Amino acid sequence: DLATIQLPGNITCVLSHGHRYQVKSDLMIYAEVARNLGAKIAIYGHTHLYDDRTIGNIRFINPGALCGSRFDGPSYVLMTIYNGKIDVIKCNLEY
């Protein structure tokens with residue numbers, strides 16, 4: 001349930017569904033895992049809710065859900081990295 005990839009600019013990114021790290025409660029367990037892996041970006045799901053926040057020096061991103069949720073409509077994110085700067089745009093879908 002965890003993958004680590006290297007992105008341009010030698011940026012480490014971890015990806016997880018998130019249920020094993022109890023992301024519905026808070027991000028502290030997942031933050032510890034990401035920190036131990038040297039991640040600058042941590043992407044997760046499970047909650048089906050868009051989120052984009054920084055804890056310490058790690059950017060946590062939840063793209064929401066393509067199928068939507070009872071709290072929010074369908075969404076995904078576009079992430080770009082340029083000169084070490086990470087930009088995230090939430091894209092909402094309409095059916």
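Rules behind the numbers
- Residues numbered from 1 in each chain as written.
- Predicted model: local features only at pLDDT ≥ 70, side-chain atom pairs only at ≥ 80, totals over all residues.
- Heavy atoms only, no water.
- Helix = DSSP H or I, 4+ residues; strand = E, 2+ residues; numbered from the N terminus.
- Rg over C-alpha atoms; globule rule 2.2 N^0.38 Å.
- Buried < 20%, exposed > 50% of the residue type's maximum accessible area, 1.4 Å probe, protein only.
- Contact = heavy atoms within 4.5 Å.
- Areas by Shrake-Rupley, 256 points an atom, 1.4 Å probe, with all protein chains shown as cover.
- Lys, Arg positive; Asp, Glu negative; His and termini not counted.
- Charge placed at Lys NZ, Arg CZ, Asp CG, Glu CD.
- Phe/Tyr/Trp six-rings, centres within 6.5 Å; stacked < 30°, edge-to-face > 60°.

Concerning the overall build of the chain
Right, on to step 1. Broken down by element type, the chain carries 1 helix and 7 strands.
Right, on to step 2. The linear arrangement of helices and strands in the chain, starting from the amino end, is β-β-α-β-β-β-β-β.
Right, on to step 3. Since a compact globule built from 95 residues should have a radius of gyration of about 12 Å, the 13 Å found for the chain is in line with a globular shape.
Right, on to step 4. For the chain, the spread of C-alpha atoms along the three principal axes comes to 35 × 30 × 20 Å.
Right, on to step 5. Expressed as a percentage of its 95 residues, the buried residues of the chain come to 37%.
Right, on to step 6. Put simply, 32% of the contacts in the chain that link residues at least 6 apart link residues at least 24 apart.
Right, on to step 7. For the chain, the accessible area works out to roughly 5,900 Å², and carbon and sulfur atoms hold 54% of it.
Right, on to step 8. Charge centroids of the chain, computed over 9 positive and 8 negative side chains, lie 2 Å from each other.

Side note on the environment of Arg70
Right, on to step 1. Within the element layout of this structure, Arg70 appears in the loop between β5 (58-63) and β6 (75-82).
Right, on to step 2. For Arg70, a relative accessible area of 76% gives the class exposed.

Quick word on the packing of aromatic side chains
Right, on to step 1. With the rule as written, the count across this model stands at 3 aromatic pairs.
Right, on to step 2. For the ring pair Tyr21 and Tyr30, a centre distance of 5.4 Å and an interplane angle of 25° mean the geometry is stacked.
Right, on to step 3. Given the relative accessible area of 14%, Tyr21 is considered buried.
Right, on to step 4. An angle of 70° between the planes, with centres 6.1 Å apart, marks the rings of Tyr30 and Tyr44 as edge-to-face. Of the two residues, Tyr30 is situated in helix α1 (residues 28-36) and Tyr44 in strand β3 (residues 41-44); the sequence distance between them amounts to 14 residues.
Right, on to step 5. We classify Tyr30 as buried; its relative accessible area is 0%.
Right, on to step 6. On the basis of relative accessible area, Tyr44 is assigned to the buried category, the value being 5%.
Right, on to step 7. By way of ring pairs, the aromatic residues Tyr21, Tyr30, Tyr44 and Phe60 are connected into one cluster.

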